Amino acid sequence: MEFKLSEEQLEIKRAVREFCEKEFDSELALELDRKEEFPMELYKKAAKLGFTSLAFPEEYGGQGYGYLETCIAMEEMCRVDSSLGLAVMIGVFGSDLILFHGTEEQKEKYLPPLCRGDYISAAAFTEPGRGSDITKMDTTAVKYGDEWWINGTKTFITNAPIADFIIVLCQTDTKVRPTYRGQTLFVIDKGTPGLDVTKQTNKMGIRCTATGEVSLSDVKVTDWNIVGELNRGFYHSMWFFDISRVAVAAQAVGTAQGAFEIAFKYAKEREAFGQPIMQFQQIGCRLAEVATEIEAARLLTYKAAWTIDQGKMDPMLTSMAKLYASKAAVKATDAAIQTLGGYGYMGEYKVERYYRDAKITEIYEGTSEIQRLTILRYLLRRF
Ligand SMILES: Cc1cc2nc3c(=O)[nH]c(=O)nc-3n(C[C@H](O)[C@H](O)[C@H](O)COP(=O)(O)OP(=O)(O)OC[C@H]3O[C@@H](n4cnc5c(N)ncnc54)[C@H](O)[C@@H]3O)c2cc1C
């Protein structure tokens, strides 16, 4: 059977492409990349058109589609601009946790403004001493009467400096073994006393996203703020990573495709030794290989997203998609710089930014090493 996107999905792709080509400006991207600034205006415009809430139900102001449509939008955004596109799409990061595990009151409070683009969300798992291994958290939530007192530090948190609410993974039971059976997610509003965010700067790439360190010092919340079940936070987080990993894979596919297109066009036009450089096998064949890997990464990503939409989430598949697509993105963006030679190294030709933006896809939402471990664990169970 031929794999085909539906007319509706193709229409989403076209609409996103049209929006990006009209609104994204390479000069602006370079400037925000230099200043490390979030494109707030673009985020709000994209949200108003529904591009950031494709997978949210219409009753909360979303578009009622699924993760495949979200991946299509993410891919197209990052294809047109790897920095601006990602920043726009990542504004709602972590809010799937509220959608799938939150209470009705939490959904009503957070999701409509998020879908409208009035809110930005963040999700905080990583701590200074714990990134890949979150089976035990140093951030604790201890109950005194009706209140939970939260203390700890989270680091590298996307959107934290601009977020209206942050979902934080805490250790609520420090005695239980294994330790991950004692973790809980809490949603904390911006401005809650004891919650402080420091912007982290000098990132290699994705510099249009805002990253921050979150300090929690006697932050007081109640049971109302618990997202999902008490002491099930680790499981909810693992579930969330399976969704977010597919979005990272789509980011990687889009970034790779964008860099590839720039390189391909350049190779047809640039001449050396009296002919277009595309005619040199080392250039042309490398681009053919890159195109093949991008296509394979895209199909793996779409399959993983489609599987989630069918309610048959497959952690092995999501890890495979992220592992493969992120590797393809790093290779494609590297090849793009090489194809452009010295020009590729300069900011105005975009591909050096795509290269810097691509690298994070091998690190966040679980490093490539962690994806391989997940794949292996499932392979051993199945075969
Ligand atoms: C720009 C950016 C944005 C981020 N956004 C967020 C966010 O929004 N929320 C959030 O919670 N976190 C976020 N992160 C954190 C990110 O998810 C972590 O950096 C990542 O999971 C790796 O953790 P670590 O940095 O502590 O590295 P470590 O866990 O210390 O790993 C270091 C190295 O050891 C390897 N390693 C670790 N364990 C194993 C193992 N068992 N086998 C083989 N190799 C292993 C790793 O793969 C890596 O190569 C972000 C990070 C960055 C840089």
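Above: the structure in question.
Residues numbered from 1 in each chain as written. Predicted model: local features only at pLDDT ≥ 70, side-chain atom pairs only at ≥ 80, totals over all residues. Heavy atoms only, no water.

S.K.: Looking at this structure, how should I read the layout of surface pockets?
M.R.: One simple way to see leftover space: roll a probe sized like a water molecule over the atoms. Here the largest pocket is characterised by a volume of approximately 1,000 Å³. Lining the largest pocket are 36 residues, with G131, I363, Y364, E365 and G366 positioned closest to its centre. Secondary-structure elements contributing two or more residues to the lining of the largest pocket are β3 (147-158), α8 (233-269), α11 (351-359) and α12 (368-382). For the lining of the largest pocket, the residue count by class is 18 nonpolar, 10 polar and eight charged. Along its surface, the second largest pocket is lined by G258, E261, I262, K265, Y266, E269, L340, E348, Y349 and K350. Ranked by the residues each element gives to the lining of the second largest pocket, the list is headed by α8, at six residues. A breakdown of the residues in the lining of the second largest pocket according to their chemical character gives four nonpolar, one polar and five charged. (1 Å grid on protein atoms, 1.4 Å probe; cavity = no way out; pocket = protein on both sides within 12 Å on 5 of 7 lines; lining within 4 Å. Points joined across faces, edges and corners; volume = space filled by probe spheres on them. Helix = DSSP H or I, 4+ residues; strand = E, 2+ residues; numbered from the N terminus. Nonpolar A, V, L, I, M, F, W, Y, C, P; charged D, E, K, R; others polar.)

S.K.: So what exactly am I meant to see when it comes to empty space enclosed by the protein here?
M.R.: Across all of its chains, the model carries two cavities of 30 Å³ or more by this definition. Computed from the structure, the largest cavity encloses a volume of approximately 320 Å³. Lining the largest cavity we find 25 residues, and of these M74, M89, V92, F93 and A247 sit closest to its centre. For the lining of the largest cavity, the secondary-structure elements that each account for two or more residues are α4 (67-80), α5 (82-89) and α8. For the lining of the largest cavity, the element with the most residues is α8, which contributes six residues. Among the residues forming the lining of the largest cavity, the class breakdown is 16 nonpolar, seven polar and two charged.

S.K.: Where do I start with the packing of aromatic side chains in this structure?
M.R.: Going through the model one piece at a time under the given rule, you end up with 19 aromatic pairs. Ring centres of F19 and F51 lie 5.6 Å apart, and the angle between their planes is 65°; this geometry places the pair in the edge-to-face category. Residue F19 is located in helix α1 (residues 7-23), and its partner F51 is located in the loop between α3 (40-48) and α4; the two are separated by 32 residues in the primary sequence. For the pair F19 and F51, a shared accessibility class is recorded, and that class is buried. An angle of 55° between the planes, with centres 6.3 Å apart, marks the rings of Y110 and W224 as tilted. Here Y110, found in helix α7 (residues 104-116), pairs with W224, found in the loop between β7 (211-221) and β8 (226-227); they are 114 residues apart in sequence, far enough to count as distant. (Phe/Tyr/Trp six-rings, centres within 6.5 Å; stacked < 30°, edge-to-face > 60°. Buried < 20%, exposed > 50% of the residue type's maximum accessible area, 1.4 Å probe, protein only.)

S.K.: Explain the pairing of strand β1 (residues 121-124) to me, please; I cannot follow it from the model alone.
M.R.: Regular strands place side chains that alternate from one sheet face to the opposite one. Of the two faces of β1, the one carrying S121 and A123 and the one carrying A122 and A124 are both buried. Across four bridges, β1 lies against strand β4 (residues 165-171) in parallel orientation. Paired with S121 across the bridge in β4 is F165. (Pairing = 2+ DSSP bridges.)

S.K.: Looking at this structure, how should I read the site of the ligand?
M.R.: If you check the shell around the ligand, you find 19 residues, and the closest are T126, S132, F156, T158 and T367. The contact in question runs from an oxygen atom of the ligand to an N or O atom on the side chain of E369, over 2.8 Å. Out of a free accessible area of 980 Å², the ligand has 65% covered by protein chains. At a threshold of 2 Å from the grid points, most atoms of the ligand map onto the largest pocket. Of all elements in the fold, only β1, β3 and α12 reach the threshold of two or more residues within the shell around the ligand. It is β3 that contributes the most residues to the shell around the ligand, three residues altogether. Taken together, the residues of the shell around the ligand break down into 11 nonpolar, five polar and three charged. (Near = heavy atom within 4 Å. Polar contact = N/O pair within 3.5 Å; in protein donor to acceptor, adjacent residues only side chain to side chain. Areas by Shrake-Rupley, 256 points an atom, 1.4 Å probe, with all protein chains shown as cover. Sits in = over half its atoms within 2 Å of the grid points.)

Just distances and angles here, no functional claims.
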